[in-house]
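Topology and contacts: notes
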Amino acid sequence: MLTKDHIFGPDGSLRVCQAVRCDSVTGLIRPCAHSHMLLSSGHTMAVPPDFFLHPQTGRALPIAGNVGYDPVSSTLVIAADLCTVDNRKWDSPLLPFIPYPTSRHSDQPLPSSRLRGLKPGQRLQLGVPMADPDTGVPVPILGVTIHPQTGLVYPLGGVHVCPLTRLPQPIQIGYPMLDSRTGNVVLTVGVGLDPVTGAVLPVGGVLLAESIIEPLSGRMVRMGGANLRVGQLLPHAGGYQALLDCKVLAVMFRVLELLKPLTEEWGSDQTLKHHQGSERGSGRQDHLLSAAKELQQAWGRSLHCQLQLQTRLETLLEWAVALQQDGGTLGEMPLPGSDMCLPALLGMEYPDPMGSGLSVPVLGCQTDLVSGIIIPLAGTMEDPEGKGLVAIRYGSQTVDQVTGVLAPVVGARLDVSRNNVVPVTASYWLTVADQTDSVQVEALQREVCVRNTHWQQQRQREEDILSDLDSALFHCLFRVAEANSPQVHWSGRQLREAAVELQDAAQAEAQRRAAQHSHLALILPPHVLHILTLGDGEEWDQQCVWHAELVSGLDKVDVCVEQLQQDQEKWISQGRDWTAPLQAMDVELRQRELWEQCCCRQTELEAALNSLHFVRQLSQLRADTAQAMLCGNFWYKEYGLVQCSVHKPTVKVMGLLQQIALPLLERLNQVLEDKQPASFSPNTCNQHISGLSTKHASGLDMASIVWTSSVPAVKGISTQSLREPANLAHSQETGLQASSAPTHNSQRHAASSGIHSQESQPRKEPTQPTHVSVPTIPEDEWNKLLEISPLFQLLKGVQLQLKGWACGARLLRGDLTDRGKSFMDVLDAQWECEGELVPLDLSVLNAREFLVYQHGLFLMHTLDHLKLTPVISLQIAASLPNNNYTNNAFRNSFFYQEAEETLFVRRQRLQSVGGFSLLLLHCLSHVKNKDMSSDSSPAFQRLFFKILQECLGELFQARLGRPPSGQEANLCVLFPDQGDLKGTLLDSHAASLLYRLHKPNRGLLSEDEVEKLQKRHRETSLFYQLEGLLREKSSEATEGGKVNKRIPGR
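Residues numbered from 1 in each chain as written. Predicted model: local features only at pLDDT ≥ 70, side-chain atom pairs only at ≥ 80, totals over all residues. Heavy atoms only, no water.

1. Remarks on the packing of aromatic side chains
For clarity, the cut-off: By convention, a stacked pair of Phe, Tyr or Trp rings (six-membered ring in the case of Trp) has centres within 6.5 Å and planes under 30 degrees apart, an edge-to-face pair has planes over 60 apart, and any other such pair is tilted. Secondary structure is summarised from DSSP: a helix means a run of H or I of at least four residues, a strand means a run of E of at least two, and numbering begins at the N terminus for each. The buried label goes to any residue with under 20% of its type's maximum accessible area, the exposed label to any with over 50%, and the partly exposed label to all in between, with areas taken from a 1.4 Å probe on protein chains only.
For the structure shown, the criterion picks out ten aromatic pairs. Ring geometry for Tyr175 versus Trp319: centroids 5.7 Å apart, planes at 25 degrees, classification stacked. With a gap of 144 residues between them, Tyr175 in the loop between β15 (168-170) and β16 (176-178) and Trp319 in helix α4 (residues 283-326) connect regions that are remote in the sequence. By relative accessible area, which is 1% here, Tyr175 ends up buried. By relative accessible area, which is 16% here, Trp319 ends up buried. Relative to Phe944, the ring of Phe940 lies with its centre 5.6 Å away and its plane at 10 degrees, an arrangement referred to as stacked. Here the residue Phe940 and the residue Phe944 both occupy positions in helix α21 (residues 938-960), the gap between them amounting to four residues, near one helical turn. In this pair, the class of Phe940 matches that of Phe944, namely buried. Clustering of aromatic rings is evident, with ring pairs tying together Phe940, Phe944 and Phe945.

2. Topic: unusual backbone geometry
The residue Ala209 is not glycine, and still its phi comes out positive at about 70 degrees. You can see Ala209 is positioned in the loop between β18 (200-204) and β19 (211-213). The class for Ala209 is partly exposed, based on a relative accessible area of 48%. You will see that Lys867, though not glycine, has its phi angle at about 60 degrees, which is positive. Assignment of secondary structure puts Lys867 in the loop between α19 (847-865) and β35 (873-879).

3. Topic: the sheet that holds strand β34 (residues 838-839)
Each strand in a sheet pairs with its neighbour through backbone hydrogen bonds, running either in the same direction (parallel) or in the opposite one (antiparallel). How we decide: Strand pairing is assigned whenever DSSP identifies at least 2 bridges connecting the two strands. Any two residues whose heavy atoms approach within 4.5 Å are treated as being in contact. Where helices are involved, their axes are fitted lines through C-alpha atoms of the stretch in contact, as for all axes, and angles between N-to-C directions lie from 0 to 180°.
Ordered by their spatial adjacency, four strands build an open sheet running β34-β35-β37-β36, and the pairing between neighbours is mixed. Each edge of the sheet is formed by a strand with only one pairing partner; in this case those strands are β34 and β36 (894-897). Contacts from helix α20 (residues 913-929) reach β35, β36 and β37 (902-906) within the one sheet, and its direction differs from that of β37 by about 150 degrees.

4. Some thoughts on a nonpolar patch on the surface
Condition: Only residues above 30% relative accessible area that lack a salt bridge enter a patch, with like-charged residues linked at up to 9 Å and the nonpolar side chains Val, Leu, Ile, Met, Phe, Trp and Tyr linked at up to 5 Å. Surface accessibility in these figures is a Shrake-Rupley result with a 1.4 Å probe; residues are shielded only by whichever protein chains are displayed. A carboxyl oxygen of Asp or Glu within 4 Å of a side-chain nitrogen of Lys or Arg is what we treat as a salt bridge.
Together, Leu249, Met252, Phe253 and Leu256 make up an exposed nonpolar region whose accessible area comes to about 410 Å². Mapping Leu249 onto the fold places it in helix α2 (residues 240-267).

5. Some points on the nonpolar core
Put simply, the rule is: In plain words, nonpolar cores are sets of buried Ala, Val, Leu, Ile, Met, Phe, Trp, Tyr and Cys residues tied together by side-chain atoms within 4.5 Å.
Counting residues in each nonpolar core, the largest one holds 87 residues, and the members touching the most others are Tyr240 and Leu444. Beyond its immediate stretch of four places on either side in the chain, Tyr240 contacts Trp90, Ser92, Pro93, Leu94, Cys305 and Trp635. In terms of nonpolar packing, the next biggest core, distinct from the first, is built from 36 residues, Leu859, Phe890, Leu903 and Leu924 among them.

6. A word on empty space enclosed by the protein
Keep this limit in mind: Definitions used throughout: a 1 Å grid over protein atoms alone; a cavity as a set of points that fits a 1.4 Å probe which cannot get out; a pocket as an open set with protein on both sides within 12 Å along at least five of seven lines; a lining residue as one with an atom within 4 Å of a point. Grid points are joined across faces, edges and corners, and a volume is the space filled by probe spheres set on the points. Here the nonpolar group is Ala, Val, Leu, Ile, Met, Phe, Trp, Tyr, Cys and Pro; Asp, Glu, Lys and Arg are the charged ones; every other residue, Gly included, is treated as polar.
Counting across every chain of the model gives four cavities of 30 Å³ or more. As a volume, the largest cavity reaches approximately 60 Å³. Forming the walls of the largest cavity are Leu126, Gly127, Pro140, Leu142, Gln172, Ile173, Arg312, Trp635, Tyr636, Lys637 and Tyr639. Looking at the lining of the largest cavity residue by residue, the class counts come to seven nonpolar, two polar and two charged. Taken as a whole, the second largest cavity encloses approximately 50 Å³ of empty space. What lines the second largest cavity is simply Leu307, Gln310, Thr311, Glu314, Ile531, Leu534 and Arg622. By residue number, the principal contributor to the lining of the second largest cavity is α4, which donates four residues. Across the lining of the second largest cavity, the residue classes tally to three nonpolar, two polar and two charged.

7. Let's talk about the sheet that holds β16
In spatial order, the strands read β16-β17-β18; together these three strands make up an open sheet with antiparallel pairing. Of all strands in the sheet, those bounded by a partner on one side alone are β16 and β18. Strand-to-strand twist of the sheet, defined as the mean angle between neighbouring strand axes without regard to direction, takes the value 60 degrees. Examined bridge by bridge, β16 and strand β17 (residues 185-193) share three bridges and lie antiparallel to one another. Bridge assignment links Leu178 to a residue of β17, and that residue is Val185.

8. Description of the pattern of salt bridges
What the rule picks out here adds up to 26 salt bridges. Between Arg459 and Glu463 there is a salt bridge, and its shortest N-O distance comes to 3.4 Å. Of this pair, Arg459 and Glu463 both sit in helix α6 (residues 438-478), four residues apart, which is roughly one turn of the helix. The salt bridge involving Arg496 is made with Asp558; its shortest N-O contact spans 2.6 Å. Of this pair, Arg496 sits in helix α7 (residues 493-521) while Asp558 sits in helix α9 (residues 536-573), placing them 62 residues apart in sequence. Using a relative accessible area of 29% as the deciding quantity, one classes Arg496 as partly exposed. It is possible to trace a salt-bridge network through shared partners that takes in Glu447, Arg451, Glu509, Arg512, Arg513, Asp536 and Glu539.

9. Focus: the environment of Gln941
With respect to the secondary-structure elements, Gln941 resides in helix α21. Leave out the neighbours within four places in its chain, and Gln941 touches Asp935 and Ser936.

10. A look at the pairing of strand β12 (residues 143-146)
Alternating residues of β12 divide into Gly143 and Thr145 and Val144 and Ile146, and every residue in both groups is buried. Hairpin connection, β12 to strand β13 (residues 153-156): the antiparallel pair is bridged by six residues, and Gly151 has positive phi, about 75 degrees.

11. Quick word on the side chain of Asn227
Looking at the element boundaries, Asn227 is found in strand β21 (residues 225-229). The buried category is assigned to Asn227, whose relative accessible area is 9%. Excluding residues within four positions of it along the chain, Asn227 makes contact with Pro62, Ala64, Val203, Gln232, Leu233, Leu234 and His236.

12. Points about α4
Our working rule: Every helix has an expected span of 1.5 Å times one less than the residues it contains.
Compared with the 64 Å implied by 1.5 Å per residue over 44 residues, the 64 Å span of α4 between its first and last C-alpha is a close match. Remark: Gly327 follows α4 within two positions and exhibits a positive phi of approximately 75 degrees.

13. Observations concerning the confidence of the model for the chain
As a reminder of what qualifies: Known as pLDDT, the predictor's confidence for each residue is given on a scale from 0 to 100.
Across the chain, the average pLDDT comes to 76, with 74% of residues at 70 or higher. Long-range and interchain partners of residues 270-281, a stretch whose pLDDT sits below 50, account for 17 contacts in this model, where long-range means more than four residues apart.

The structure is reproduced here in structure tokens:
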């Protein structure tokens, strides 16, 4: 039986031993084949091949769960049973290391492994996205493995079937999974590798941090995870959290070792005068303070790791409770062809609401910010192989709309501009996931900055109170023992005032947080705000406990000092000699008794204060966790379709828009006041904490100062309208121009000279506003200067944003009213502009398409004849270029080439004569109006409805087989006195013929010529009509004669 001393030397080096070997790839000490190990029960068993030897304890442990991978140093780290202090800081979490699967028949690695390495630019860190080897969808990195021959590091992450939605779902810590061994739904705690196929599998079925008995050692340990071995689930106590906890314990032991000699030295001081003569800067105390700081940092890292996992589990718990309440409904899915709606459930398939006839699965939901309605996300997309429309499904392939390459589908989103559901590709998701809302980040950083400032100020005040109390007690108690000492004077009034001031500051901070909570609720996501404010109630309760202990301690100290004063007065009244040995011993005993009582009170105060500091540090760690979640640095961020941290909005949209616009208005106000916009970055936060003023921490360039200080003189606007109040400007103007006449010209001259002096001399106070008048500038030059002004461009951007939000909330009506909510044709929503104009030869059209095209030419000719639309050419296109027809209902179906006066229409529109006709009328109205982008223009709508009116009138006349109303009116004019003849003439052929004959060509004939032609046509028409009547009478007479001749021959 080999022990640790047989295997390792005193310096930790490996002795020459045939039972173990050092793995050249991983650096682990591995037992050789056919080795056995001794169990805690006294039995022996063969060492499994995936075990290693702990270099500090000499025990054999499984590699999975007890070894981690450090992505910073690219080395393996033992994460269990650490006995020595590790000086590394562990700022980045360790990744669980899983041994590479090998063949059962040999020690060779599996050749059919589907593992893939990271792509260029990707990071190897816990929770960072990687591509699933099979589907390519983004999944979180939950572990690593190393190829035993090549030494390549492979990240581990994959996809499994969600037991709730039956949809593919990335493997995530804490998410439900289906246990293949038992068939139960359990929580995921990690990943493993299939020993046969090498596929990444989820591992679950244990409760993290649960107390268990470790099977190898038989000791009580805390659950750190589990791994699969030969189809069995084996728990382990290792991991990153266990490593951090071991370091905390090691630093604690170091602090205790440093405290032991100091306590012995202080305890051996019988005169208690060591308190007065001790030097706090001694070497031992410096080492103790350094160790205490290291302990605080190690303890903070351990709590931070716990809070990351705790936050993830709390989010999952809230999601599970909501799922139990409403079943996970994502709005209502309308049924095509009916007014009925069904509850939309994630993963369930419904008939396509767009009417394609396909069954589409629900892949999520999106809330309309204006109406607050939850819209289920389900729809169709173009098949990448050209097979038509297919349902949008998670993990399927589609053509990315931006890059044009094949990419996996990871979800769906609502395209507000087109009012349809489009697929979300992996590249789009990765881009959006890395983006953060600057308004939310700044609001959160501002709140965290204010909290940190409050905590530091309170901590300094609290330490000052305890230090003043300690110093006052020392001077009060130990001065009594000195000879010829005056009477003891003690007053706790200043300490009580400091305690009241301390409590008032804490109360004011609590009120501020309560008022700020409603403001932050409109900006921050609910789960982020919940994490930030989770410890506010506990912090206030502990603050009240500390204040009560402080006041009570001061009362008890007053009683002790009052007793000492009474004893001193008694001794003085009796005229005793304090220097006598008996009296000195009596005073010392009394002094020691009172000192012990005061020390007991101080210990109680420090215990209450330490509890308050613990709650504050926990709140600070929660604030860091909230920032990590908002900025995308959270270890357990959301992947896949199930978004556990998404909450339904509970605030009004107007309030939300107002709160989003407030930071922009604050920036604008600061720019107008000639101050640099506040940037609530960590550096700014540190500046506020350290007491630096904004004036010394920020400044503006001279160009910005000139722009924000000047307005055109031709506009007649005073510079004071953009500056400080008039009295301040007047006082500054008086100080600068005390010797100048108060005239406009003198002020202008002083302003110009002041600008030149500022350019030549450094500006001492960049944030101090100054009154500047600008010389007269011509209007055209001023407009050019405005176009290149950074402030003017900023103002234009803010104006457009505010106008867009106001129009989106239907507060204003204008060009932006339809932005994001304009109507889009159903067929048009299925297409995209290809980016290139490719005209189509008419010879390739089939008979039906060519007939529809000729009908379009007829419509254009008719409208041109009615003087409603201009004369343009009509062409058919195979593909269309990109355009800026933002709010046009048919923007993906046509393109108008203004220079050539040619309208190009997509060939697919020729499949429907009605749709093609409507599109043509719509486009001609835009061409006439010379605005192709907006359907909401009153001029366009007026012309479009007029064209529709004329076309519908033509259709009505065609259905009746009669000429249009204009032709009938002309006939009434042509034959005013021949009513019977007019009724006879209203035959369709004759009426059309007469209308063509009697309607002159405008602009070619004079009035006399028109009257002659009308007279001639009347005579000709009357002659034709009489001729027709005579022929009809003669034919009747002929038929009658034939009948009479046949009767006698019967």
